[in-house]
Amino acid sequence: MTTVKAKYLGDLRLECTHLQSGTKIITDAPTDNNGKGEAFSPTDLCSTSLAACAMTIMGIYAKNNGIDLTGAEIEITKKMAAEPRRIAEIDVIFNMPANGYSEKEKKILERVAHTCPVHLSLHPDVKQNFVFNWQ
């Protein structure tokens, strides 16, 4: 069953619709690749998906184990390579709230993040750097 439908709007822009919810995302080519940079680029979405997926998997573990992750913030930095143009590296910095996590909880949550499907699906040449800042 189709998950997303996308329509090319011209000028390197697409409108992507999530069929189950009707939510729409506009993508635009980045300014360094002939675009306007007025929306997420496809590679921005890929990098963002890695962070969101890892946080979601951590959230599932936390929810099932009575741990509150509310307020966690994530910084995502994508680094591109040339020839071929591709994502070379993604830095994901998790800034965790001061919720009194035990050392055991911290260790488990960090390990769980690395089990997310996006992390496991990206090509091994894409360097994925996860950093956890615990308050």
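A look at helix α2 (residues 103–113)
Restricting attention to buried positions, one finds in α2 the residues Lys-106, Ile-108, Leu-109, Val-112 and Ala-113. In the core, the buried residues of α2 are packed alongside α1 (42–64) and β6 (127–134).

Let's talk about the side chain of Lys-106
Within the secondary structure, Lys-106 sits in helix α2. Since its relative accessible area comes to 17%, Lys-106 is described here as buried. Setting aside anything within four residues of it in sequence, one finds Lys-106 in contact with Tyr-101 and Trp-134.

Topic: the packing of aromatic side chains
In the structure shown here, the tally under the stated rule is four aromatic pairs. Seen from their ring centres, Phe-94 and Phe-130 are 5.6 Å apart, and the 75° between their planes marks the pair as edge-to-face. Here the residue Phe-94 occupies a position in strand β5 (residues 86–96), and Phe-130 occupies one in strand β6, the gap between them amounting to 36 residues. Residue Phe-130 is classed as buried on the basis of its relative accessible area, which comes to 14%. Between Phe-94 and Phe-132 the ring centres are 4.6 Å apart and the planes differ by 5°, which places this aromatic pair in the stacked class. You can see Phe-94 sitting in strand β5 and its partner Phe-132 sitting in strand β6, a full 38 residues away along the chain.

Section: the pairing of strand β2 (residues 13–18)
Sheet topology places strand β1 (residues 4–10) next to β2; six bridges connect them, and they run antiparallel. Across the sheet, Val-4 pairs through a bridge with His-18, a residue of β2. Hairpin connection, β1 to β2: the antiparallel pair is bridged by two residues, and Asp-11 has positive phi, about 55°. Here β2 runs beside strand β3 (residues 24–28); their pairing, made up of five bridges, is antiparallel. Each bridged residue has a counterpart across the sheet, and for Leu-14 the counterpart in β3 is Thr-27. Connecting β2 to the antiparallel partner β3 that follows it, the hairpin turn spans five residues, and Gly-22 within it adopts a positive phi of roughly 85°.

Focus: the environment of Ser-121
In this fold, Ser-121 is placed in helix α3 (residues 117–121). Exposure remark for Ser-121: the relative accessible area of 61% places this residue in the exposed category. Here the alpha-carbon distance between Ser-121 and Asn-65, two residues 56 residues apart in the chain, equals 26 Å.

Thresholds applied
Residues numbered from 1 in each chain as written. Predicted model: local features only at pLDDT ≥ 70, side-chain atom pairs only at ≥ 80, totals over all residues. Heavy atoms only, no water. Buried < 20%, exposed > 50% of the residue type's maximum accessible area, 1.4 Å probe, protein only. Helix = DSSP H or I, 4+ residues; strand = E, 2+ residues; numbered from the N terminus. Contact = heavy atoms within 4.5 Å. Phe/Tyr/Trp six-rings, centres within 6.5 Å; stacked < 30°, edge-to-face > 60°. Pairing = 2+ DSSP bridges.

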